[in-house]
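The chain contents come next:
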Amino acid sequence: QVQLAESGGGLVQAGGSLRLSCAASGRTFSSYAMGWFRQAPGKEREFVATISWSGGRTYYADSVKGRFTISRDNAKNTVALQMNSLKPEDTAVYYCAARRVGVSTAPSEYDYWGQGTQVTVSS
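Right, let's walk through the structure included here. All of these numbers come straight from a predicted model, not from anything done at the bench. Position numbers for residues count from 1 along each chain, tracking the sequence in the order it is written. With the structure being a predicted model, the display of local features is reserved for residues of pLDDT at least 70 and the display and counting of side-chain atom pairs for 80 or more, all residues being used for whole-chain, interface and lining totals. Processing note: side-chain calculations cover all non-hydrogen atoms of the structure and skip hydrogens and water entirely.

1. Things to note about the state of the cysteines
The term disulfide refers to a covalent linkage connecting the sulfur atoms of a pair of cysteines. A pair of cysteine sulfur atoms is labelled a disulfide when the two atoms are within 2.5 Å. Inspection of every chain in the model, using the stated rule, returns one disulfide. In this model Cys 22 forms its disulfide with Cys 96; the gap between the sulfur atoms is 2.0 Å. Disulfide Cys 22 to Cys 96: torsion about the S-S bond roughly 45°, handedness right-handed. Of this pair, Cys 22 sits in strand E3 (residues 18-25) while Cys 96 sits in strand E9 (residues 92-99), and the two are 74 residues apart along the sequence. For each residue, the accessible area found with a 1.4 Å probe, counting protein chains only, is set against the maximum for its type, and the residue is called buried under 20%, exposed over 50%, and partly exposed in between. The buried category is assigned to Cys 96, whose relative accessible area is 0%. Secondary structure follows DSSP: runs of H or I at least 4 residues long count as helices, runs of E at least 2 residues long count as strands, and numbering of each begins at the N terminus.

2. Some words on the side chain of Asn 77
Mapped onto the secondary structure, Asn 77 falls in the loop between strand E7 (68-73) and strand E8 (78-83). Looking at Asn 77, its side chain comes within polar contact range of the main-chain oxygen of Gly 26, at 3.2 Å. Note on contacts: a residue pair qualifies if any of its non-hydrogen atoms lie within 4.5 Å across the two residues. Setting aside its immediate chain neighbours within four residues, Asn 77 contacts Cys 22, Ala 23, Ala 24, Ser 25, Gly 26 and Phe 29. In protein, a polar contact requires one atom able to donate a hydrogen and another able to accept it; more generally it is a pair of N or O atoms within 3.5 Å, and residues adjacent in sequence count only if both atoms are side-chain atoms.

Shown next as structure tokens:
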């Protein structure tokens, strides 16, 4: 069982930066692939970034590539999402998620989810 709690969301102007953090409970955190997803009002939840259990592999949605960076610290049971050059279209609730077996871009393939943190980017 893994419990996840996101933090770091807020209101920022376009072009600004935010750093989201996800704290995980459970002794097996380091064996899980982790992902960040987001959901805007009226839209489906969409993939943002994912990182393998070791941190050696990362993948990004095309819409955030070059602007967002996912990282993890297995000693601290945390995963982070550094978001730079934010745009109004990045406005959404951001969720972190854990998957037992390998990275994936599909929300349905993740086993555990946090409650989400709101990110609002003003123009």
